[in-house]
Amino acid sequence: MPSSPPPPLRCPLCGEQLTVRPLAGEGSRPALVCGAGHSFDAARQGYYNLLVGKGTVFEADSADMVAARFNFLDAGHYRPLAEAVAAAVAARVSAGTPFTVLDSGTGTGHYLRVVLDDVRRVSDDVTAVALDISKFALRRAARLNPEAVNLACDVWQPLPVADAAVDVVTVIFAPRNASEFARILRPDGRLVVVTPRPGHLASLAALAGMLSIEDQKDARLAESLAPYFLPESARDVDIRLVLTPREMADLAYMGPAGHHLDREALAAKLDTREPDSEVNALFRLTVFRPARRPE
Ligand SMILES: C[S@@+](CC[C@H](N)C(=O)[O-])C[C@H]1O[C@@H](n2cnc3c(N)ncnc32)[C@H](O)[C@@H]1O
Ligand SMILES: [Zn+2]
């Protein structure tokens, strides 16, 4: 069920405030409704579809890619990264003060789950919103984070979120709409971004014929968020993974390369190698603060 207090959402059609209309009786589903009468029913799986209009042309992750991501993350391989994200968010929470977090490109909701478990140790007055364009991902996210409001929407469109309503936006390997994040964040809010560093999964990329990770130089990341955000702090999280061929296949398949890979062929190819392979995951977590708003 969505968290209480009501989420700071606005109608994608008219901009009025959206509120959660609770279940009206047996067989009914909750809905997000605005004062002008627009209504968005919860899908059976618990997320709300706020996609309106044509939106961005987009090759959504397939159900299999989402399943690979779920399996890999659920096994805890990236736990140190999830803990680093949760610590960065929890650092912004004060006991007794309402707190709103929004996870953009939430995927299966894995990181938001760890974040919510952590921030709840400080405050139980927490509102969580999660966005993604993939319905396959949102089905998982809504199951994992039922206390969040999980929304199908396109981050490149105006976000269905009120101005200055969010304390922390998290973006983990997902697209960043700097002007919209700046609009929805409170002036003292923070944007927490995770990106891969050069060399991330290099040995897997070589094996699976994947493109190696683009060199996301700090300057380039900051540039993509300027003039709305300024980097405040950064930390690197390195994880040495020892993986079975199946786990290697999931890891290759869950990323952007999954669109072009045949998972079974890849698993078979990897099976011919030594039983376990070593691969290094190299991340950077950067915390940004809003710059003074451009006039
Ligand atoms: C690499 S995955 C990362 C998911 C999650 N943050 C994680 O790390 O497990 C990128 C996510 O961004 C979502 N995404 C891509 N383009 C999007 C868009 N235009 N609007 C909203 N979500 C988008 C994808 O559906 C996918 O779930
Ligand atoms: Zn409306």
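Calculation notes
- Residues numbered from 1 in each chain as written.
- Chains lettered and ligands numbered in written order.
- Predicted model: local features only at pLDDT ≥ 70, side-chain atom pairs only at ≥ 80, totals over all residues.
- Heavy atoms only, no water.
- Phe/Tyr/Trp six-rings, centres within 6.5 Å; stacked < 30°, edge-to-face > 60°.
- Helix = DSSP H or I, 4+ residues; strand = E, 2+ residues; numbered from the N terminus.
- Buried < 20%, exposed > 50% of the residue type's maximum accessible area, 1.4 Å probe, protein only.
- Near = heavy atom within 4 Å.
- Polar contact = N/O pair within 3.5 Å; in protein donor to acceptor, adjacent residues only side chain to side chain.
- Areas by Shrake-Rupley, 256 points an atom, 1.4 Å probe, with all protein chains shown as cover.
- Nonpolar A, V, L, I, M, F, W, Y, C, P; charged D, E, K, R; others polar.
- Donors = N, O, S within 2.8 Å, 3.2 Å for Na, K, Ca; no water.
- Tetrahedral: all angles 85-135°; square planar, octahedral: opposite > 155°, others 65-115°.
- Pairing = 2+ DSSP bridges.
- Right-handed = clockwise from strand over helix to strand, strands pointing away.
- Arc of directions from axis to C-beta.
- Contact = heavy atoms within 4.5 Å.

**Q** Looking at this structure, how should I read the packing of aromatic side chains?
**A** Both the distance between ring centres and the angle between the ring planes are used here to describe each pair of aromatic rings. This model, assessed by the stated rule, comprises three aromatic pairs. Geometrically, the ring pair formed by Tyr78 and Phe283 is edge-to-face, given 5.0 Å between the ring centres and 80° between the ring planes. You can see Tyr78 sitting in the loop between α1 (63-74) and α2 (79-90) and its partner Phe283 sitting in strand β12 (residues 277-290), a full 205 residues away along the chain. According to the relative accessible area criterion, Tyr78 is buried, its value standing at 3%.

**Q** Can you help me understand the site of ligand 1 in this one?
**A** Around ligand 1, 19 residues are found, and the nearest of them are Arg69, Gly105, Asp132, Asp154 and Ile172. At a separation of 2.8 Å, an oxygen atom of ligand 1 approaches a polar side-chain atom of Arg69. At 2.9 Å, a backbone N or O of Ile172 approaches a nitrogen atom of ligand 1. Bound to the protein, ligand 1 loses 93% of the 590 Å² it would expose on its own. Across the shell around ligand 1, the residue classes break down as eleven nonpolar, four polar and four charged.

**Q** Please explain the coordination of the zinc ion (ligand 2) as it appears in this structure.
**A** When four donors bind a metal tetrahedrally, each ideal donor-metal-donor angle is 109.5 degrees, and when six bind octahedrally, the ideal angles are 90 or 180 degrees. Surrounding the zinc ion (ligand 2) are the protein donor atoms Cys11 (SG), Cys14 (SG), Cys34 (SG) and His38 (ND1), at 2.1 to 2.3 Å. Coordination at the zinc ion (ligand 2) is tetrahedral, judged from the four donor atoms that bind it and the angles of 103 to 117° they form at the metal. Binding-site remark: the zinc ion (ligand 2) is held by donors from one chain whose sequence spacing is C-x2-C-x19-C-x3-H. Of this pair, Cys14 sits in the loop between β1 (9-10) and β2 (17-21) while Cys34 sits in strand β3 (residues 31-34); the two residues are 20 residues apart in sequence, bridging distant segments of the chain. Judged by its relative accessible area of 8%, Cys34 falls in the buried class.

**Q** Could you clarify how one ought to interpret the pairing of strand β7 (residues 126-132) in this entry?
**A** A regular strand places its side chains so that they alternate between the two faces of the sheet. β7 sits mainly inside the fold: seven of its seven residues count as buried. In terms of strand pairing, strand β6 (residues 99-104) meets β7 through six bridges, oriented parallel. By the bridge assignment, Leu102 is partnered in β7 with Val129. Viewed along the sheet, the connection from β6 through helix α3 (residues 110-119) into β7 turns out right-handed.

**Q** Explanation requested: the environment of Arg292 in the structure shown.
**A** Within the fold, Arg292 resides in the segment after β12. For Arg292, a relative accessible area of 71% gives the class exposed. In this structure the C-alpha to C-alpha distance between Arg292 and Phe229, which are 63 residues apart in sequence, comes to 8.4 Å.

**Q** How should helix α4 (residues 135-144) be read in this particular structure?
**A** Side chains of residues three or four places apart in an α-helix project in the same direction, reflecting 3.6 residues per turn. Listing the buried residues of α4 in full gives Ala137, Leu138, Ala141 and Ala142. Taken end-on, α4 shows its buried residues confined to a sector of 130°, consistent with a single buried face. Structurally, α4 contributes buried residues whose contacts are with α1, β7 and β8 (149-152). Capping the start of α4, Ser134 holds a side-chain oxygen 3.3 Å from the backbone nitrogen of Phe136, two or three residues further along.

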